[in-house]
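# Chains, contacts and geometry: an overview
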Amino acid sequence: YFASRLYYPHGITLVTNSIGPFSALFALPFWGLGPAAAYNAAIVLGFALTGFCMYLLAREIGCSRPAAWVAGLLYMLVPLHLLAVYGHVNKVFLGFIPLALLVTNRALTPRRSRWWAAAIGPVLVLAFLQAPEQFVIAGLGCGLLALYCLAAEDNAKLRNTAVRALIMALSAGGCAALLFVLVSRTAQQTGVIADVGAESNRFQPDLLQFFIPNGFGVFPLGRYLNALFTPQVNTIIETAVYLTWTAIALAAVAFWKARRQAAAWLLLLGVSMLLALGPTLRVLGDSWLTQLQIPLPYAGLNALPGFSQMRTPGRFMLLGGVGLAAAAAIGLDQLRRILKPRLAAVLVVLVAALLVLETWVDRFPNQPLLPVP
């Protein structure tokens, strides 16, 4: 995991500067067509497989195929994911986050084998290999889902669920300890700065950015609203946390009509939004409310081992996007049940079109490959 040709002649470790070996695997079959084709193929496959993994999770929690397809599309179009095309290759493939939650759901299901509980650690290691922050984000999601299941479980099944949760904790904790030692030793040996938590203030989004369309999309209203409400906030890759009005509406339907089925996923969304706001509350740009410097839970995370490597609180919406996609799929199924089949099909197409319209980027940059000596 040391690359001598990156940052030549000094080299760089990929333990703490991960690009993710899976993107390389996606690119490998296309390498014979040239590096540009290989890079573009890695982008396309990373997006497609991210959506497919979210589709699998939606099917796991009981969503219909059309609703699960919309969930996959929605997770693909999460702004933080969509803007990874600008150069954040480590965020192009996010599939291990929904897969970790899928494994957690199976681990806590009584009729499933307990081996699913032991499998959570290896799945989180795969997330770490893609990007270290994905290990943290996915691990947080698994822990929240396990706590919710314990709190909601009947007394008759509580012991069995608690045993499964304990196996999960041992599996995840053992793998986390090994990875923490690996990162710590690498940081000491190479001089890599692993503590960047103090920089999180630079990358925290505004509260209104969750509800205002991105200013870089084809949706012209977004540019106007951003200029009106958050004039001092630069909508950069790390603060693109827009939820989309379409997904919010579907999640509201899920809360109203299928609260019990959607509760865990709405919980994931809410906690992710709270953490994504960063160490202090920011509202309306540099308003008086922002200047109060109201502390938020993210400020405490910087003091915990491992979390100090994360300087971009908005990335917690990579987990929030899973919760939003799952809740939206549940809400869509509720609407489909009260419509005739033909109208239900039209609704799915309409929802997909609205999601694309709300999130699609106005223009992606095209860059010719630079000559490499």
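Calculation criteria
Residues numbered from 1 in each chain as written. Predicted model: local features only at pLDDT ≥ 70, side-chain atom pairs only at ≥ 80, totals over all residues. Heavy atoms only, no water. Salt bridge = Lys/Arg side-chain N within 4 Å of Asp/Glu carboxyl O. Helix = DSSP H or I, 4+ residues; strand = E, 2+ residues; numbered from the N terminus. Buried < 20%, exposed > 50% of the residue type's maximum accessible area, 1.4 Å probe, protein only. Axes fitted to C-alpha atoms, helices over the stretch in contact; angles between N-to-C directions. Parallel < 35°, antiparallel > 145°, perpendicular 65-115°, else oblique. Left-handed = near helix turned anticlockwise from the far one by under 90°. Contact = heavy atoms within 4.5 Å. Expected span 1.5 Å × (residues − 1). Arc of directions from axis to C-beta. Patch = residues over 30% accessible without salt bridge, like charges linked within 9 Å, V, L, I, M, F, W, Y side chains within 5 Å. Areas by Shrake-Rupley, 256 points an atom, 1.4 Å probe, with all protein chains shown as cover.

## With respect to the pattern of salt bridges
Tallied over the entire structure, the rule returns seven salt bridges. Residue arginine 112 is joined to glutamate 60 by a salt bridge in which the shortest nitrogen-to-oxygen separation is 3.8 Å. Residue arginine 112 is found in the loop between α5 (96-107) and α6 (115-118), and its partner glutamate 60 is found in helix α2 (residues 35-60); the two are separated by 52 residues along the sequence. Assessed through its relative accessible area of 17%, glutamate 60 is described here as buried. For arginine 336, the salt bridge is made with aspartate 333, and the minimal N-O distance between the two is 3.3 Å.

## Here we look at the packing of helix α11 (residues 245-257) against helix α12 (residues 259-276)
At their nearest, the axes of α11 and α12 sit 7 Å apart, and the two run at 130° to each other. Here α11 is positioned oblique relative to α12, judged by the angle of their axes. For the pair α11 and α12, the crossing hand works out as left-handed. For the pair α11 and α12, contact is made by Ala251, Ala254, Phe255 and Lys257 and by Arg259, Ala262 and Leu266, respectively.

## A short note on the packing of α2 against α5
Remark: α2 packs on α5, axes separated minimally by 8 Å, with the N-to-C direction vectors making an angle of 20°. Classified by the angle between their axes, α2 and α5 sit roughly parallel to one another. Here α2 and α5 pass one another in a crossing that is left-handed. Mapping the contact onto sequence places Cys53, Met54, Leu56, Leu57 and Glu60 in α2 and Pro98, Leu99, Leu101, Leu102, Asn105 and Arg106 in α5.

## A look at α11
The terminal C-alpha atoms of α11, which comprises 13 residues, lie 18 Å apart, in line with the 18 Å expected from a rise of 1.5 Å per residue. Looking at α11, one finds that the buried residues are Thr246, Ala247, Leu250, Ala251, Val253 and Ala254. Viewed along the axis of α11, the buried residues span an arc of 155°, placing them on a single side of the element.

## Thoughts on helix α3 (residues 65-76)
In a regular helix each residue adds 1.5 Å, so 12 residues correspond to 16 Å; α3 covers 16 Å between its end C-alpha atoms and thus fits that length. Of all the positions in α3, only Ala67, Ala68, Val70, Ala71, Gly72, Leu73, Leu74 and Tyr75 are classed as buried. On its buried face, α3 is in contact with α2, α4 (79-82), α5, α11, α15 (317-337) and α16 (341-359).

## Points about the environment of leucine 77
Relative to the elements of secondary structure, leucine 77 occurs in the loop between α3 and α4. Non-local contacts of leucine 77, meaning those with residues more than four positions away in its chain, are made with Leu82, Leu355, Val356, Thr359 and Trp360.

## What to know about a nonpolar patch on the surface
On the surface, Phe211, Leu221, Tyr224, Leu228, Phe229, Trp245 and Leu284 cluster together into a nonpolar patch covering about 660 Å² of accessible area. In terms of residue count, the dominant contributor to the nonpolar patch is helix α10 (residues 220-229) (four residues). Mapped onto the elements of the fold, leucine 284 is located in the loop between α12 and α13 (288-291). Exposure remark for leucine 284: the relative accessible area of 39% places this residue in the partly exposed category.

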